[in-house]
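Chain by chain, the residues run as shown.
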Amino acid sequence: MSGRKPHPTPLANEDEGSARDIDEELTFHIEGRAREWMASGVPRDEAFRRARAAFGDLERIRTEMRAVDAESRRLRGRRDRLRDLLRDVRLASRRLVGQPAHSAVAIGTLALGIGASVAMFTVLDAVVLRPLPWPAPDRLVQLWPRLNHNITLSRLVGDGVPSVEAYTGLSRWGLTWTGGDEARVLDALAVDAGYFDVFGAQVERGRSFTRADTDPDRSDVVIVSHAFWASRLGSDPDVIGRRLQLDGYLHPTRTIVGVMDAGHRPLGRAADVWVPLHVPPGRDFASDSTWYVNSVVARMRPDASVDQADAEVRAAARRIADLWPGRLDAETVQRAGAVGILTAVIGDVRGTLWTLLGAVGLVLLIACANVANLLLARAASRQGDRAIRAALGATRARLLREHLIESALLAGVACAAGAALAQVALRLLALPESSGLPRLDGAGPSVDMRALGFAVTTSAACVLVFGLLPALRASDLERTPNLREGGRARTRGPALHRANRMLLAGEVALAMVLVTGAGLMVSSFVALRAVEPGLDASDVLSVRIVPAEDRFAADRALGLWKDLEARVAALPGVSGVGSIQLEPFTDGNWGFPYLAEGHAPPADGPLPVANFRVVTPGYFEAVDLPVRAGRALTDADRAGTAGAMVINARMAERLWPDSDPVGREIRLFGDVSYRVVGVVGDVHQHALDRDPEPEMYVAHAQYGTPGPLVSMALMVETDDPARLTGPVRDVVRQIDPDIPVPSLRPLTEALDASMSRRRFYALLLAGFGGLALLLGGLGVYGVMSYLVGARLPDFGVRLALGAAPADVRREALRSGLVPTAWGLALGTLLALASTRLLRAALYGVSPLHLPTYVTVATVLVGVASLACWAPARRAARVDPVRVLGAE
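The model shown is predicted, which means the values in this text are computed figures rather than measured ones. (Residues numbered from 1 in each chain as written. Predicted model: local features only at pLDDT ≥ 70, side-chain atom pairs only at ≥ 80, totals over all residues. Heavy atoms only, no water.)

## Some remarks on the overall build of the chain
Counting secondary structure elements, the chain contains 26 helices and 21 strands. Out of the 887 residues belonging to the chain, those deemed buried represent 48%. Put simply, of all contacts in the chain between residues at least 6 apart along the chain, 81% involve residues at least 24 apart. By element, 57% of the accessible surface of the chain is carried by carbon and sulfur atoms, the whole surface being about 40,900 Å². (Helix = DSSP H or I, 4+ residues; strand = E, 2+ residues; numbered from the N terminus. Buried < 20%, exposed > 50% of the residue type's maximum accessible area, 1.4 Å probe, protein only. Contact = heavy atoms within 4.5 Å. Areas by Shrake-Rupley, 256 points an atom, 1.4 Å probe, with all protein chains shown as cover.)

Written out as structure tokens, the structure is:
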């Protein structure tokens, strides 16, 4: 016999009792009325007849009274259930408040897991899952990605793909606007007339572009964004037909023909104005020099597919290569194709973000395992309380409900705290500035309804994980010890101990996977930071200025930059000044075909291409770019003298590996000849994780196609770049107040920005790894505290029989370190399998990097040992007399 007492049950038929009460009440009232009639002399039978007649239809009254009674019982039952629920909630709240340390650890652990997972899901949602802001985005494709087109090529490709109904080339420009209170650089998007059909763009005022606007003589038109119209043009209702001074792309003055709808979002970052792409008449693919179309986007017909468009683009590429032999090499033709617009926008980010979400899922699993261990331990400590309540008649359903309410209360508080932590985490990450991720324009993502829904789902799953299973076990009255079994039964449970050890091993295994991934990412980022960029950015201030081309054409551009460099060089603390047309460590690039001395033109392909840089003589000294051979460019390399060129070591090795490159000739643009006068070191111009490419440097004064550059980036060498920002800006204003300065920053910021995405990944995984270590350490400590507490009587007996405290301490440590060792072994196998997913995000480190695995295992063992030490020490110091007396 289990000793369990029978529990009271409700009446078998409560409705019968209610009907009996109603009949008794009706009889009472009828008899009372009849007695009144009899008192006035009416015979008994007549008195009862009159009483029943006065009462009316008894069956109807009986039915109404039953309905009223049923409603009363229903309301009373609801009130009782609500009262019981509130009592259980108060009881659960008192229990949580009565054990503040336990509750704080459980809520904090789960909140950390939920907060991290919600924050990561929010980032994933903003970048990958959020719908693109255009009609039917699944019909948008990018044609021939990873290729800069000229305007003619973009139109040849678009016209050659039957499965698309509209297409447009896209080209980003910075145009100088001098019509406002101060000169500004506007973000301009040059597009074809099909742009509006491709992206479903609408104009709020005026009209969109037509094919006539792509005619060079009629292309001096512009469409302004709604934000620019409202903030810079004062929401002028008569804005259509107004002229804007927009210098930097062909026409210095343009007529406003439209205001874009406020809801339109262009591909990539926001735009201030839109201008039409055009090519001079008579140009074909071979003679068109407009190689600045960044991408070609098309809208497919409703019945077409991406695979169909991909095949048609490949066929069009082959036709173009056959029509213009030698203009496209085989590798370029091979890269032709079409990809969905989302794939084109986010690139390889999707896989890495899903991997990071999986990593934060491991954090949540560790948190759930921790809380499950805590509740299992607490359930074991309450066996005596359950035995008393069961003896007093508590049902299993009642005990189960109490446990579930307590778990739900924990989950609810943890969910709210986790959502708050997620918002804080997103702010600390400073998205999008620090992430380098696409689709994070503006202020970056915030926790929205989708992420909150994910948090609710997560918390519900956590209730099942750490609440339902312990509650089922805790409410099993067959396993609940009765009062006669005493305290020892409350402390021993082999099955419960095994569950604790299994959860502990699982926590350590998950922590091993997560911390290993974090270690690999951190090692990768350290390896990336160790790469020498090729120039010294630590003491350089980068200043980008964009003067109006119509005001500083030809020799005026040379005079402007000479004057600017001379004035800046005279500022206190400046040790070097030079300029380059493209700021280092950014995506901007010029690449020109060339023909080098001693090399014949390819027979079946285009000329080789090298990066092209225009610099002033002081540039190499200002950024400490070393000259390996020959000389740097000087003031003697001016217009009217023999063309001088400096190349980098990579280009010299490729062209003349066994001879001196100085004095060799390189021809550009078909007929422009330059003589190599020096070789400089290689520079990672775009990012540290991209290998240096062949590069050519020519003097600003000798760049004559189409003329001296007006817009460049000034490099100022100084011991304190931040201090010089104000003085340099003042120098520019003194020369011309209408020259905008869109960028003024230490060059190290550009270098850091080029590594932002990898730094973001490393930061996230390092944070997740730190959480895993923290939660794992708490889990080991909690399990060890419970296991040691459950075995205190055993340890007391052993000490009473003469065992040494050191032996007891070792035994206690073993009970925690053995499951830790099993967890490390399992975690290593899982890490070997899962870290391969990080291969694309790693630099200079293999997913099988042995030092990382050894370091992580050592750290985990150290954390587990520290977590085990305090409980083991307590076990070794137990007082045998006191413990045995309590037993």
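Anyway, onward from the coordinates.
## Observations regarding the confidence of the model for the chain
Here the chain shows a mean pLDDT of 83. Residues at 70 or above account for 87%. Confidence drops under pLDDT 50 across residues 1-12; counting only partners more than four residues distant or on other chains, this segment forms nine contacts. Low confidence marks residues 482-492, where pLDDT is under 50. Its contacts with residues over four positions away, or in another chain, come to 15 contacts. (pLDDT = per-residue confidence, 0-100.)

## Examining the side chain of Ser225
With respect to the secondary-structure elements, Ser225 resides in the loop between strand S5 (221-224) and helix H7 (226-231). For Ser225, a relative accessible area of 7% corresponds to the buried category. In terms of polar contacts, Ser225 uses its side chain to reach the backbone amide nitrogen of Phe228, at 3.0 Å. Setting aside its immediate chain neighbours within four residues, Ser225 contacts Val259, Met260, Ala271, Asp272 and Trp274. (Polar contact = N/O pair within 3.5 Å; in protein donor to acceptor, adjacent residues only side chain to side chain.)

## Examining the nonpolar core
Within the largest apolar cluster, 114 residues are counted, with the highest numbers of intra-cluster contacts made by Leu353, Tyr619, Phe620 and Phe768. Tallying contributions element by element places helix H11 (residues 349-381) first for this core, with 15 residues. Among the nonpolar cores identified, the runner-up in size contains 45 residues, and Leu143, Leu175, Ala317 and Ala338 belong to it. (Core = buried A, V, L, I, M, F, W, Y, C linked by side-chain atoms within 4.5 Å.)

## Some words on the packing of aromatic side chains
Taken as a whole and assessed by the stated rule, the structure comprises 17 aromatic pairs. On the numbers, 4.5 Å between centres and 40° between planes, the contact of Trp173 with Tyr249 is tilted. With Trp173 in strand S2 (residues 164-177) and Tyr249 in the loop between strand S6 (243-247) and strand S7 (253-260), this residue pair connects regions lying 76 residues apart in the sequence. Using a relative accessible area of 22% as the deciding quantity, one classes Trp173 as partly exposed. (Phe/Tyr/Trp six-rings, centres within 6.5 Å; stacked < 30°, edge-to-face > 60°.)

## Examining the environment of Leu58
Locating Leu58 in the fold gives a position in helix H3 (residues 58-98). Every residue in contact with Leu58, bar those within four places of it in the chain, is listed here: Leu26, Ile30 and Arg52.

## A word on a nonpolar patch on the surface
Taken together, the side chains of Leu82, Leu85, Leu86 and Val89 present a nonpolar region at the surface, about 310 Å² in accessible area. Residue placement: Leu85 occurs in helix H3. (Patch = residues over 30% accessible without salt bridge, like charges linked within 9 Å, V, L, I, M, F, W, Y side chains within 5 Å. Salt bridge = Lys/Arg side-chain N within 4 Å of Asp/Glu carboxyl O.)

## Quick notes on unusual backbone geometry
Of note in the backbone geometry, Trp144 takes a positive phi value of approximately 50° without being a glycine. Note on placement: Trp144 falls in the loop between strand S1 (140-143) and helix H5 (151-159). With relative accessibility at 1%, the residue Trp144 sits in the buried group.

## Looking at the pairing of S7
With seven of eight residues buried, S7 lies mostly within the body of the structure. Pairing of S5 with S7 involves four bridges; the strand directions are parallel. Across the sheet, the residue bridging to Val224 is Val259, located in S7. Across three bridges, S6 lies against S7 in antiparallel orientation. If you follow Leu244 over to S7, its bridge partner there is Arg254. Taking the residues between adjacent antiparallel strands as the criterion, S6 and S7 are bridged by five residues, where Gly248 takes a positive phi near 135°. (Pairing = 2+ DSSP bridges.)

## So, the pattern of salt bridges
Pairing between side chains becomes possible if they bear opposite charge and their charged atoms approach one another. The final tally for this structure, using the stated rule, is 20 salt bridges. The salt bridge partner of Arg207 is Asp213, with a shortest N-O separation of 2.8 Å. A residue is classified by how much of its surface remains accessible, and Arg207, at 34% relative accessible area, is partly exposed. Between Arg243 and Asp220 there is a salt bridge, and its shortest N-O distance comes to 3.7 Å.

## Details of helix H2 (residues 44-55)
Over its 12 residues, H2 extends 17 Å from the first C-alpha to the last, a length consistent with the 16 Å expected when each residue adds 1.5 Å. Inspection of H2 places Ala47, Phe48 and Ala51 among the buried residues, and these make up the whole buried set. Buried residues in H2, looked at end-on, bunch into an arc of 95°, giving them a common side. With respect to the buried face of H2, the exposed residues turned more than 90 degrees away are Asp45 and Ala53. One or two steps after H2, the chain reaches Gly56, where phi turns positive at roughly 95°. (Expected span 1.5 Å × (residues − 1). Arc of directions from axis to C-beta.)

## A few points about helix H8 (residues 306-323)
Taking 1.5 Å of rise per residue, 18 residues should cover 26 Å, and H8 covers 26 Å from first to last C-alpha, within 8% of that figure. Listing the buried residues of H8 in full gives Ala309, Asp310, Glu312, Val313, Ala316, Ala317, Ile320 and Ala321. Where the residues of H8 are buried, they touch S1, H5, strand S9 (295-300), helix H9 (330-334) and strand S10 (338-340).

## A short note on the environment of Asp719
Among the secondary structure elements, Asp719 is positioned in the loop between strand S20 (712-718) and helix H20 (725-735). Given the relative accessible area of 66%, Asp719 is considered exposed. In this structure, the C-alpha to C-alpha distance between Asp719 and Ser575, residues 144 residues apart in sequence, is 8.3 Å. Within polar-contact distance, the side chain of Asp719 engages the side chain of Thr718 at 3.3 Å.

## Things to note about the packing of helix H23 (residues 792-800) against helix H25 (residues 850-876)
It is at 9 Å that the axes of H23 and H25 come closest, and there the two elements cross at 45°. Taken together, H23 and H25 sit at an angle that is classed as oblique. Between H23 and H25, the residues in contact are Leu792, Phe795 and Leu799 and Arg874, Ala875 and Ala876, respectively. When the residues that make up the contact of H23 with H25 are grouped by side-chain class, the tally is five nonpolar, no polar and one charged. (Axes fitted to C-alpha atoms, helices over the stretch in contact; angles between N-to-C directions. Parallel < 35°, antiparallel > 145°, perpendicular 65-115°, else oblique. Nonpolar A, V, L, I, M, F, W, Y, C, P; charged D, E, K, R; others polar.)

## Some remarks on the environment of Gln734
Structurally, the position occupied by Gln734 is in helix H20. Spatially, the C-alpha atoms of Gln734 and Arg567 are 10.0 Å apart, while their sequence positions differ by 167 residues.

## Side note on the packing of H23 against helix H24 (residues 805-834)
Helices that pack against each other are described as a pair by the angle of their axes relative to one another and the distance between those axes. At their nearest, the axes of H23 and H24 sit 10 Å apart, and the two run at 155° to each other. Accordingly, the angle class assigned to the pair H23 and H24 is roughly antiparallel. Regarding H23 and H24, the two cross each other, and that crossing is right-handed. Taken together, the residues of H24 that come into contact with H23 (itself represented by Phe795, Arg798 and Leu799) are Pro805, Val808, Glu811 and Ala812. Here the residues of the contact of H23 with H24 are counted per class, giving five nonpolar, no polar and two charged. (Left-handed = near helix turned anticlockwise from the far one by under 90°.)

## Section: the pairing of S6
Where S2 meets S6, two bridges bridge the pair, whose relative direction is antiparallel. Bridge pairing links Trp177 to Leu246 in S6.

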